[in-house]
Amino acid sequence: MAPAITTLAADTPTLSAANTGFMLICSALVMLMTPGLAFFYGGMVRVKSSLNMLMMSFISLGIVTILWVLYGFSLAFGTDHGSLIGWSSDYVGLSGIGLTQLWDGYTIPVYVFAVFQLMFAVITPALISGALADRVKFTAWALFTVLWATVVYFPVAHWVWGAGGWLFEMGVIDFAGGTAVHINAGAAALGVILVIGKRVGFRKDPMRPHSLPLVMLGAGLLWFGWFGFNAGSWLGNDDGIGAVMFVNTQVATAAAMLAWLGYEKLRHGSCTTLGAASGAVAGLVAITPAGGSCSPLGAIAIGAIAGLVCAMAVGLKYKFGYDDSLDVVGVHLVGGILGSLLVGLFATGGVQSEAKGLFYGGGLEQLGKQAVGVFAVLAYSLVVSAVLAFLLDRTIGMRVSEDDEVSGIDQVEHAETAYDFSGAGGGASSRSTAVPVPAVQHSKKVDA
């Protein structure tokens, strides 16, 4: 991402109405990704957990927005302290920012940069939630979101994108969030599920998606919003780099979807809608850190590699016994690692920076830097997230009871169900039925 890259210009930047409008639109597109993620995840779970899955994403819009205004923006993008964290009193409460005050070196207001970055902060903890489907208390999840954003996301965002952050200063390339968003969320998901354990019936009961149309709708919204996520990360549209990122986002996603479907066809004999949606997301994840440094042909290669490897990686949970409900580890962690490392192979040196990858004569130097960024973020997020989950589990408890999990977390945690079947069928027989159908029977009807 371009946030902390200083533009070297002879003249002092002035506010650009075009870039400001462009970035506001990109911010709205990134905001749309969180409801899109909610639909994507919500359709993948069983019917008795679909509302809870929607809420675990949607609540992030509320919680993280307030944290960001109060202190998150200051921690992530304030004045550097020790290359580990930022802090600027003017950013606390966004109270000391002028209406037309520009983000340093750019032609957009600080307010616009802050709101664009806010949407990244919102979706990152929401990504974690897919790994925890069916079994986490909603209040515990909300508290985890507060703690995780504060001690994991905000510092890591500073490392990667903040002026003075140690990974940024090292020269690690992360155009739009391979480390700070996807590896961060994927490692956190793994850390939490290792603490809270498996769902009741994992590897025994069928846990098929209850609504593949919702999954496809969510994937489509994610793909659409991702253009703002990626192309907007150059913070302007003056030099064509954002346009290259836009093109690379599209072609990498297409290549990943085709690669995933090809793997499915060869391995299982069918091309599934779930595979198409998952492959597209894998491509989006992988191109996110790399798309500002590679050519469109490189983007095709990165997407194809991600689609194939992530399709293989989602099965690791059965081999190693960790219950990653919706394959956050297999798609976001693995895809983020691939995209970040492949910068060290496919960077052309002619797009966002002069850094070249191995295939363009740059040797192994950039690959080494990328590996440091990948494993530093992975280790920090994994360990701290596991500690947070452990502390919450030992105090307020992270999981619902086994009986509540079996009967349906929607009814227990939200006093609602996603679908009302009481009016289905019509006729006298349906009107004469006085006893409501328990939520668990709804699940059996759909899962059958």
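Residues numbered from 1 in each chain as written. Predicted model: local features only at pLDDT ≥ 70, side-chain atom pairs only at ≥ 80, totals over all residues. Heavy atoms only, no water.

**Details of the overall build of the protein chain**
And step 1. If you tally the helices and strands in the protein chain, you get 17 helices and two strands.
And step 2. For 448 residues, the compact-globule formula gives about 22 Å, and the C-alpha radius of gyration of the protein chain, at 22 Å, lands near that figure.
And step 3. For the protein chain, the C-alpha atoms occupy an extent of roughly 80 × 50 × 40 Å along the three principal directions.
And step 4. When the 448 residues of the protein chain are sorted by exposure, 56% land in the buried category.
And step 5. Here the contacts in the protein chain between residues at least 6 apart in sequence split such that 77% fall between residues at least 24 apart. (Helix = DSSP H or I, 4+ residues; strand = E, 2+ residues; numbered from the N terminus. Rg over C-alpha atoms; globule rule 2.2 N^0.38 Å. Buried < 20%, exposed > 50% of the residue type's maximum accessible area, 1.4 Å probe, protein only. Contact = heavy atoms within 4.5 Å.)

**Section: unusual backbone geometry**
And step 1. With a phi angle near 85 degrees, Asp134 is a residue other than glycine that sits in the positive phi range.
And step 2. Within the fold, Asp134 resides in the loop between helix H3 (110-129) and helix H4 (138-161).
And step 3. Overall, Asp134 belongs to the buried group, its relative accessible area being 2%.
And step 4. In this model, Arg203 sits at a positive phi of 70 degrees, which is unusual for a non-glycine residue.
And step 5. Relative to the helices and strands, Arg203 is located in the loop between helix H6 (178-196) and helix H7 (212-231).

**Topic: the packing of helix H1 (residues 17-44) against H3**
The description of two helices packed together rests on the angle between their axes and the distance between the axes.
And step 1. Where H1 meets H3, the closest approach of the two axes is 9 Å, and the angle between their N-to-C directions is 10 degrees. Accordingly, the angle class assigned to the pair H1 and H3 is roughly parallel. Both H1 and H3 take part in a crossing whose hand is left-handed. On H3, the residues that touch Thr20, Met23, Leu24, Cys26, Ser27, Val30, Met31, Met33, Thr34, Leu37 and Tyr41 of H1 are Val112, Val115, Phe116, Met119, Phe120, Val122, Ile123, Ala126, Leu127 and Ser129.
And step 2. Residues that form the contact of H1 with H3 fall into these classes: 17 nonpolar, four polar and no charged. (Axes fitted to C-alpha atoms, helices over the stretch in contact; angles between N-to-C directions. Parallel < 35°, antiparallel > 145°, perpendicular 65-115°, else oblique. Left-handed = near helix turned anticlockwise from the far one by under 90°. Nonpolar A, V, L, I, M, F, W, Y, C, P; charged D, E, K, R; others polar.)

**Some points on the nonpolar core**
And step 1. Core analysis: the biggest nonpolar cluster contains 127 residues, and Phe40, Phe73 and Leu132 have the highest contact counts within it.
And step 2. When near neighbours in sequence (up to four residues on either side) are disregarded, Phe73 contacts Trp68, Gly78, Tyr91, Leu94, Ile97, Trp103, Val110, Phe113 and Ala114. (Core = buried A, V, L, I, M, F, W, Y, C linked by side-chain atoms within 4.5 Å.)

**A word on a nonpolar patch on the surface**
And step 1. Taken together, Leu358, Phe359, Tyr360 and Leu364 make up a surface patch of nonpolar side chains, about 400 Å² in accessible area.
And step 2. With respect to the helices and strands, Tyr360 occurs in the loop between helix H12 (328-346) and helix H13 (365-395). (Patch = residues over 30% accessible without salt bridge, like charges linked within 9 Å, V, L, I, M, F, W, Y side chains within 5 Å. Areas by Shrake-Rupley, 256 points an atom, 1.4 Å probe, with all protein chains shown as cover. Salt bridge = Lys/Arg side-chain N within 4 Å of Asp/Glu carboxyl O.)

**Some words on helix H9 (residues 273-290)**
And step 1. Compared with an ideal rise of 1.5 Å per residue, which puts 18 residues at 26 Å, H9 spans 26 Å between its outermost C-alpha atoms and is within 8% of the ideal.
And step 2. Counted residue by residue, H9 has 16 buried out of 18 residues, so it is predominantly covered. (Expected span 1.5 Å × (residues − 1).)

**Some points on the packing of H12 against H13**
And step 1. Contact geometry of H12 with H13 gives a least axis separation of 7 Å together with a crossing angle of 160 degrees. Comparing their axes, H13 and H12 come out roughly antiparallel. Taken as a pair, H12 and H13 cross one another with a handedness that is right-handed. Residues Leu333, Ile337, Ser340, Leu341, Val343, Gly344 and Leu345 of H12 form the contact with H13, whose participating residues are Gln366, Leu367, Gln370, Ala371, Val374 and Leu378.
And step 2. Looking at side-chain class alone, the contact of H12 with H13 contains nine nonpolar, four polar and no charged residues.

**Here's the deal with the environment of Leu235**
And step 1. Within the fold, Leu235 resides in the loop between H7 and helix H8 (241-268).
And step 2. Separated by 216 residues in the primary sequence, Leu235 and Asn19 have C-alpha atoms spaced 7.4 Å apart.

**Some words on the packing of aromatic side chains**
And step 1. Applying the stated criterion across every chain, the model contains 26 aromatic pairs.
And step 2. Ring-pair connections join several aromatic residues into one group, and the members of that group are Trp68, Tyr71, Phe73, Phe77, Tyr91, Trp103, Phe113, Trp148, Tyr153 and Phe154. (Phe/Tyr/Trp six-rings, centres within 6.5 Å; stacked < 30°, edge-to-face > 60°.)

**Section: the side chain of Ser325**
And step 1. With respect to the helices and strands, the residue Ser325 is situated in the loop between helix H11 (316-320) and H12.
And step 2. With relative accessibility at 8%, the residue Ser325 sits in the buried group.
And step 3. Within the structure, the side chain of Ser325 is placed 2.8 Å from the side chain of Arg135, a separation counted as a polar contact.
And step 4. Within the local environment of Ser325, its side chain forms a polar contact with the side chain of Arg199, the two groups lying 3.5 Å apart.
And step 5. Dropping the residues within four chain positions of it, Ser325 is found in contact with Gly130, Ala131, Leu132, Ala133, Arg135, Arg199 and Lys317. (Polar contact = N/O pair within 3.5 Å; in protein donor to acceptor, adjacent residues only side chain to side chain.)

**Brief notes about the pattern of salt bridges**
And step 1. Applying the stated criterion to the full structure yields seven salt bridges.
And step 2. Taking the shortest distance from any N to any O, the salt bridge between Arg46 and Asp134 comes out at 3.2 Å. Placement of the pair is Arg46 in the loop between H1 and helix H2 (50-77) and Asp134 in the loop between H3 and H4, with a sequence separation of 88 residues.
And step 3. The class for Arg46 is buried, based on a relative accessible area of 7%.
And step 4. Of the charged contacts in the structure, one is a salt bridge between Lys317 and Asp327, with a shortest N-O distance of 2.9 Å. Within this pair, whereas Lys317 is found in helix H11, its partner Asp327 is found in the loop between H11 and H12, the two being separated by 10 residues in sequence. Of the two residues, Lys317 and Asp327, neither departs from the other in class, the shared state being buried.

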